[in-house]
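Structure assessment
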Amino acid sequence: MTLPIKNSLYTYTQKFHKYIIIHHTDELNLNTGNVIIDKPSFQLNSLAKSFYQLEKMYLPYHFVIEKVGDEYINMVTAPLLTKHEFLDMDDKYQNGIHIALLGNYNMDTVDQKLYDVLNLRIIIPMMKTYNILEDNILRHSDVSFFPDMKCPGDNFNLAKLKNSLRSHMKKRSVTRS
């Protein structure tokens, strides 16, 4: 299944984000060559190049997380007030923060380190900045009109992500006297 994405330049929104939507890059169905997890060098460039060759003007995510060697690297790929227009979801979700995990998480496994990086480097700061509720952290498959959408993949566990989130939020709580 090819994901329908509107072909346009950035559209900016006047609304603050209320949702965080998690994706994986396998949903794009691009011919990206050998984009595989755990490579010792960055692969985002080959993903972007393939996307641009399809005459798409930008990657449809605010952030992309890529595993390089043993580390997860998060990259900002669009301005935060950009509205990403996916044709398979309601407008209120398009105005969310879209995060992509580079890879195919129908096949690749998700380790605890990825959940931690996702929470500590992106989700918690965005929740605090935009006052986003935990219940508004969703998978692309949760908001897609397509019933067979499996994004961010069968191996991505939203409950595990949220348990990790709650654990990190408790650790970060500060009490003042």
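The text that follows walks through the structure, step by step, so that each part is easy to find. (Residues numbered from 1 in each chain as written. Predicted model: local features only at pLDDT ≥ 70, side-chain atom pairs only at ≥ 80, totals over all residues. Heavy atoms only, no water.)

**Observations concerning the overall build of the chain**
Keep this limit in mind: Every helix listed is a DSSP run of H or I at least four residues long, and every strand listed is a run of E at least two residues long, numbered separately from the N terminus. By definition in these notes, contact holds between two residues if any of their heavy atoms fall within 4.5 Å. The protein chains shown are the only cover counted for residues, whose accessible areas, like all others here, come from Shrake-Rupley with a 1.4 Å probe.
Per the secondary structure count, the chain includes 5 helices and 7 strands. Walking the chain from its N terminus toward its C terminus, one meets helices and strands in the order β-β-α-β-β-β-α-β-α-β-α-α. Excluding contacts between residues fewer than 6 apart, the proportion of contacts in the chain whose partners are at least 24 apart in sequence is 76%. Here the chain has roughly 9,300 Å² of accessible surface; of this, 51% comes from carbon and sulfur atoms.

**Some remarks on the nonpolar core**
Put simply, the rule is: Grouping buried Ala, Val, Leu, Ile, Met, Phe, Trp, Tyr and Cys residues that are joined through side-chain atoms within 4.5 Å yields what is termed a nonpolar core. Burial here depends on accessible area, computed with a 1.4 Å probe over protein chains only, as a share of the maximum for the residue type. Under 20% is buried, over 50% is exposed, and the range in between is partly exposed.
Core analysis: the largest hydrophobic core is formed by 26 residues, its most contacted members being I20, I65, I99, L118, I123 and F156. If you list the elements that add at least two residues to this core, you get β2 (20–24), β3 (63–68), β6 (97–101), α3 (112–130) and α5 (158–172). Counting residues per element, this core draws most heavily on α3, at 10 residues. Apart from the residues within four sequence positions on either side, F156 is in contact with I22, L101, Y105, V110, Y115, L118, R139 and L161.

**Structural notes on the pattern of salt bridges**
Note the following rule: By definition, a salt bridge exists where a carboxyl oxygen of Asp or Glu is found within 4 Å of a side-chain nitrogen of Lys or Arg.
Here the structure, examined in full by the defined rule, presents 6 salt bridges. The salt bridge involving K113 is made with E71; its shortest N-O contact spans 3.1 Å. Here the residue K113 occupies a position in helix α3, and E71 occupies one in strand β4 (residues 71–76), the gap between them amounting to 42 residues. We classify E71 as partly exposed; its relative accessible area is 37%. The closest approach of N and O atoms between D91 and K83, which form a salt bridge, is 2.5 Å.

**A look at the packing of aromatic side chains**
Put simply, the rule reads: Stacked, edge-to-face and tilted are the three classes for Phe, Tyr and Trp ring pairs, Trp counted by its six-membered ring, which pair at centre distances within 6.5 Å; planes under 30 degrees apart are stacked, over 60 edge-to-face, the rest tilted.
Overall, the coordinates contain 4 aromatic pairs when judged by the stated rule. Judged by centre distance (4.8 Å) and plane angle (70°), the rings of Y19 and Y93 are edge-to-face. Of the two residues, Y19 sits in the loop between β1 (11–12) and β2 while Y93 sits in helix α2 (residues 91–94), which places them 74 residues apart along the sequence. In this structure, Y19 and Y93 share a single accessibility class: buried. Between Y115 and F156, the ring centres sit 5.5 Å apart and the planes meet at 55°, which makes this aromatic pair tilted. Of the two residues, Y115 is situated in helix α3 and F156 in the loop between α4 (140–143) and α5; the sequence distance between them amounts to 41 residues.

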